[in-house]
Structures are given as C-alpha cells and as structure tokens.
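The chain contents come next:
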Amino acid sequence: MLRVHGLACDRGDRRLFSDVDFSVATGEWLQIEGANGAGKTSLLRILAGLAPAAGGQIEWDNQPVSKVRDEFHARLLYLGHAATIKDDLSALENLQTAAAVAGSPLEESVALLALRRIGLKGREDLPSRVLSQGQKRRVALARLLCSQARLWILDEPFVALDVAAVDLLCGILDEHLARGGMLLFTSHQAVHLAGTGSSLRLGK
Amino acid sequence: MSQRFVNWFKFASPASFYPLAGKAWPWFAALAAAFCAAGLWLSFFVAPTDFQQGEGYRIIFIHVPASWMSMFIYCVMAFWAAIGITFNTRLSGMMSSALAPTGALFAFISLWTGALWGKPMWGAWWVWDARLTSELILFFLYVGYIALTAAIDDPRRADKAGAIVALVGVVNVPIIYFSVKWWNTLHQGASVSLTKAPSMATTMLWGMLIMALAFWMYSIAVALYRVRAIILERERHTTWVAELPEMQQ
Amino acid sequence: MNWGSTSEFFAMGGYGLYVWGSFGVTAAALLIETLLVRKRFSDTRRTLRRELAADRDSQDQS
Amino acid sequence: MSAFIAIVRRDLLLAARRKSEVFTALFFFMIVVSLFPLGIGPETALLRRIAPGVLWVAALLAAMLSLNRLFAADHQDGTLEQMALSPTPLALLVSGKVLAHWLTAGLPLVLLAPVLGLQFDLSARALGVLMLSLLLGTPLLSLIGAIGAALTLGLRGGGVLLSLLVLPLYIPALIFGAGAVEADMAGLGAGGHLSLLGALLALGVFFAPWAATAALRIALE
C-alpha cells in the first residue's frame, strides 16, 4: 500500500506542484496525467526515492518510506524515460545485467523466454545498436515479465510502441494487477486496464 | 539546555543570520584595522633588523600569517561542509562559498610573498621548498572548489558538491603536505625554511601573531559581508527579503 | 626606532623592492577584494530593489 | 554481491566491444613517454634519472583520459538511476565500476610500463619496482578519479574541470610511486615508498567509493 499526502516539488525557484494526495492499494493502478513540464516525471522520481520532495509524506505499508527505504526498493521496479539499454550489449545481456543489478539475477532460459514473449525472438544476441527504437523499448519492458516487484512505477511505458506491443504491454500490466501488484504510470493516451484504477491530473 | 539548542538552529537560518551578520561585520572590520596597525608598527618599528637576512626578513610578517590563514580557512570550509552534510542546513553551504575566495586570496598572497622572500634569500623566485609547494597545491584545491561550484547552476547542488570537494580536500591536505615534505628531503636535503628563521625573537613571534589576528578578523568581516550578498541572491523570492528595511523606498 | 630617516625606511636596507612588493601587493589584494565584495552586495541589493518595486507597481495597478 | 559481479562483467564487456577506447589511452601513454627523450636529448644517464617521473606522469594523464566517461554513459541512458534503486548499496556498485575502470585503463598501463622503461635504459630491477609501484598506484588513480568524475557529471566543460579537481589529489600517488623507483635506483630501498602507497590505496578503497556515491546522488537529484 502506497499512500502519499501533501507532496510538493520544487524545480529551481519554481514550485512545480503541491498538495498531491493519493493512495494505491493492492491490485490498483494510477495514471498520472498533465501537460509537458507539469512535473509527471519529477513526481515518479520522488516516489521512487531518486529525488527529494519539497514537502509532504510518502508512506509504504503505513510507515514513512524514509524508514523502510531498503525494503521499499526491494519491492519496487522503476522504469524511467531513458531506455537503460547499452547499444553494445545484446538484448539478452542487457536484460540479464539489469535484473542482476536490481537484485534478482535471471537464468538464461528465463531471460530468453521473456524476450521471446515480448516479441524479440531471434534477436536475443544481436547488439542493441541494430534494434529499432520500439524494439529497444521492448527489451526494457522485458524486465516487467521477470519482475517479482509489487510496485511498478513506469514513466511513459507506451511511448514508441506499435499497436500490437501496446496490447501486449496492457496484458502484462493486467497480469501484474491480477497478482495483487500496484502500478503507477504516466501516459498521454487513454489506457484500458483491468482492475480498479484512477487518474491524477497535475497542474491546472 | 534545549532552549540553547533551539537558538543555535534559529541563527542557522539565513533570515536571522542576515541581520546578525550585518551588525557584526563592522566590529570585525574595526578589529582588523586595529590589529593591522599594531602589527605593522611591531613589524616595522619594534622588531629589530635580522643580522643574517637584513631587512628582507620583514616579509615573513605577512607571509607566515597569510599561509596560516589559507590553511585555517580551508579547514573552516571543511567544517561548514561537514555541518551542511550532517544537518542539511542552507547557511553552511553559503558560508563555505563565502570563505573560498578569501582563502584562495591568502594562498596567493602566501605564494607571492614567498617568491619575493626567496629571490634575495635563495637567489631564485621559486624553489621547490616543501612548504611553498604544499601552499601551491592548496591554492589549486581552492581553485578547484571555486571552479566546480561556479560550474553548477543550481546553488543547492553546488553547495553539496562543494562540500564533498572540501571534505575530500581536507583529508588530503595533510597527506599532500607530508608526501611533499618527504619528497623534498629526499631530493635536496634540508633547505632553509621560511618559518625557521635563524633568530626567532619574541618580538618577531608577536608581530606574526598580531598580523595573523588582523588577517583573521579581516577574513571574518569579508566573509560576513559576502555571505550577506549570497543570502540576498539565493533568497530573493522569499517574503522576508521583500520586507527588509533596505529593500523599501 | 630602527630607521634614521624616511628614505632609509623606504630603502629597507636594499630589500625595498621585495619588502614593499610584498606589503604593497597584499594591501592592494585585500583592498580590491573588499571593493569587489561591496560591489557584489550593492549590485544585488539594487537589482532586488528594482524587482520588488516593479512587483509593487503591478500590484497597485491590478 | 551478484549485482557487483554483474556491473564489473558488464563494464568489461562494454570495454571489450569498444576496444579502440582502451587502445587510444594506451597509445597516448606510449607517445607521451616517447616524446620526452625527443625533447630532452638521448643522453642515457639523464634519461635514466627522469624515467620514473616521466612514466608516472604519463600514466597519470593516460588514466585521466577515460575518467570522463566513467559515469557519463550510465547517467545518460538511465542505468545510474537503476543502480541507485538497487537493493545492493550504491557504494558497492560504484566500487565495481572503479574496479572495471582499473582493469581496462590501469592494468594495461602496468603491463606496458616495463617495455617503455627499456627506452629509458632502466635496469631489470628498477623495471620490477616500477611495475610494482604502478600496480599499487593505478587503482588509487581510478578511485580518486571516480570522485572527480562523479562530481563533474553532466557539467559544462566537465573534462577540464575534472583534471583541475583530480590532478592535485594525485600528487601523493605520484610522489610515492615515482619516488619508489628513484629510491631503489639510489640504493635506498623502495620498501618505505611502496608501503606508504599501499596505505594510501587502503585508505582510498575505504573512502573513495563512499565519496563518489555521495557525489553521484547529488548529480541524480
């Protein structure tokens, strides 16, 4: 259970947003909307613990997140705007390294299975340099398939994906929610997900 | 007890430190002028001519205090850096960046006067004496600090990065000093050192101490004045700045 | 008193260039620093005053 | 620990796929060292005297070349954020990156140095001490360099600033490293210098990842 109360964020001298309240319980999703520069990415980064908040509290399982930081990070999967894909490594190497850094190393067979499901069959060993933008996003999203994290925080997960990939991703997100996972994401488009969800609009 | 604790943190906020610094700096400036006059009088009229070095030795009355100050100011910067990192106070970063230019200036004065002392005594403008070399490296450390904090646009980030540089530097200063000293003895044997002037008379020591006090008071006065400017620059959008008497009219 | 005359004082026993070079540059450096700090402070104060005055004007009009 | 190994493995893989960067630094080292005799003259006694200093300064500059990119790519593609969110402490992962940097930028210098030392007519014994001093000293260069690289991450003119910050801190390593070889050639024994270099290395292993991590967190905010 993630609960946020009175959250505020500054950039330089300017206040991006303030008094943001919401909570996400098991099996729920929250879509964060807002114009460019409204602070969507900043909000996600604050929630993930990458940036400090200018005010307010974030609670994880009824405890301030600053007190249970390690436990929170072990339960969290954050995919930022950047692709986190190294051009010189293959899709398989990228996926395995990312998973190992996140603390849950993958067997090669499991990783291959995930890449196959995300639609990269036959491209597992190519250097990521030769993959298209959308295929690189798929490599990054393959991490979702192997993730044991309860809370997913995704920044613009639908960008650069074709229709088939959007459907595939929605399916993956539905599965996660059905397992009792929580999901926070930003997107400009309307998304149809199963389970209970709501949307939060930043800025005026 | 707790009352006193609260008070300290009250003065650590820029809003209450600004008027305090405004009241305090003239006193330190006056003290600096008084000590400077006394120190100059001691160093030119009371201290006798040195029988080995003639009148040239009078340079040490500013050289030695300036070297002391440059090292002392670096330590104070590191102290503020540590405070800033531990308590996350805004003022400490401002104090560090207010002190850095003055510290660099004293390091420069120390090098300049060292060269002017060395020319008549050693016959060369620059010798790789352990103390002079360490002072040069200290000057580089100051320049690094100032360049880094100037390159970062966001002042809060600049303060934090500067704090790390200051702390890493202060750990390294003794290591650098001893390594340079060792290097020096290995290469040219014990050379004439500035501070170990042959006949260190008590009057000379007093002259140096009083000049050091003058520099000290000067540094405090200038740092307080500069930190006032920094506070205004950083806190320009706050209401307390808008309500300051000097902002009216 | 160490000095017989003013010229003797300025000659510094032949070390005049070095001694006055040191003391002079030190005095100049400290003076310049003081002036620069004063200028920084008054510049900041002036810009802030103008900003605040402009803010007040726009508030009066609205 | 698996995350640490993954980071080291990944950085080594990346270096292996981009060999040109490693070789550029190595050739830079070779060229700088070879320039000195051309500037000073081929007199053997003089060359032997300046060899430890020249080799050490060149190694220092060559190790600096690749520091710029130590965290820059990871910062750009978001990998650094993932590292910060890892359950493994960031300082440990940073140590992994430093280790990989040393293996690709420091160790080759150590291996190449005796060959270049021959150009300066160093004795076999002096070459051995030179290698040993570089073996102890180059990890220190990577460790201190990581602090500078983290502090200048994403800044305009970061490269020049990095050298300004890091080079003064390299001085003790330079003094003890080059001093070890000189002391040995003068018949004084290199033990003191080498053990001090080792002590500095121990200090660096302990503190530098911590300081670099603190600097990285500032850059990430």
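Computed from a predicted structure; not experimentally measured.

(A) Just the overall build of chain C, in detail. Scanning chain C from terminus to terminus reveals two helices and zero strands. Over its C-alpha atoms chain C spans a radius of gyration of 24 Å, topping by over 25% the 11 Å that the globule rule assigns to 62 residues. When the backbone C-alpha atoms are referred to their principal axes, chain C occupies close to 75 × 20 × 15 Å. For chain C, the proportion of its 62 residues judged to be buried stands at 29%. A total accessible area of about 4,000 Å² is found for chain C, and carbon and sulfur atoms account for 58% of it. Both charge centroids of chain C, one from 8 positive and one from 7 negative side chains, sit 2 Å from each other.

(B) Representation of the sheet that holds strand 5 (residues 63-64) of chain A within the structure. All names here are of chain A. Pairing is antiparallel in the open sheet, where four strands are placed in the order 2-1-4-5. Each edge of the open sheet carries a strand with a single partner, namely strand 2 (14-24) and strand 5. In this structure, strand 4 (residues 55-60) lies alongside strand 5, joined through two bridges in antiparallel fashion. From the neighbouring strand, Glu-59 faces strand 5, where its bridge partner is Pro-64.

(C) Region of interest: the nonpolar core. The biggest cluster of nonpolar side chains holds 191 residues, and the ones touching the most others in it are Phe-22, Leu-47 and Leu-184 of chain A together with Phe-29 and Phe-71 of chain D. Here this core takes 15 residues from helix 7 (residues 202-234) of chain B, the largest share from any one element. When residues no more than four places from it in sequence are discounted, the contact partners of Phe-29 of chain D are Leu-55, Ala-58, Ala-59, Ala-62, Leu-109, Leu-112, Ala-113 and Leu-116 of chain D. Grouped together as the second largest cluster of nonpolar side chains are 37 residues, Leu-95, Ala-142, Leu-169 and Leu-177 of chain A included.

(D) Spotlight on the environment of Ala-72 of chain D. Residue and element names in this part refer to chain D. Within the secondary structure, Ala-72 sits in helix 4 (residues 72-76). Ala-72 sits in the partly exposed class, given a relative accessible area of 29%. Linking Ala-72 and Gly-158, residues 86 residues apart in sequence, is a C-alpha distance of 10 Å.

Basis of the calculations
- Residues numbered from 1 in each chain as written.
- Chains lettered and ligands numbered in written order.
- Predicted model: local features only at pLDDT ≥ 70, side-chain atom pairs only at ≥ 80, totals over all residues.
- Heavy atoms only, no water.
- Helix = DSSP H or I, 4+ residues; strand = E, 2+ residues; numbered from the N terminus.
- Rg over C-alpha atoms; globule rule 2.2 N^0.38 Å.
- Buried < 20%, exposed > 50% of the residue type's maximum accessible area, 1.4 Å probe, protein only.
- Areas by Shrake-Rupley, 256 points an atom, 1.4 Å probe, with all protein chains shown as cover.
- Lys, Arg positive; Asp, Glu negative; His and termini not counted.
- Charge placed at Lys NZ, Arg CZ, Asp CG, Glu CD.
- Pairing = 2+ DSSP bridges.
- Core = buried A, V, L, I, M, F, W, Y, C linked by side-chain atoms within 4.5 Å.
- Contact = heavy atoms within 4.5 Å.

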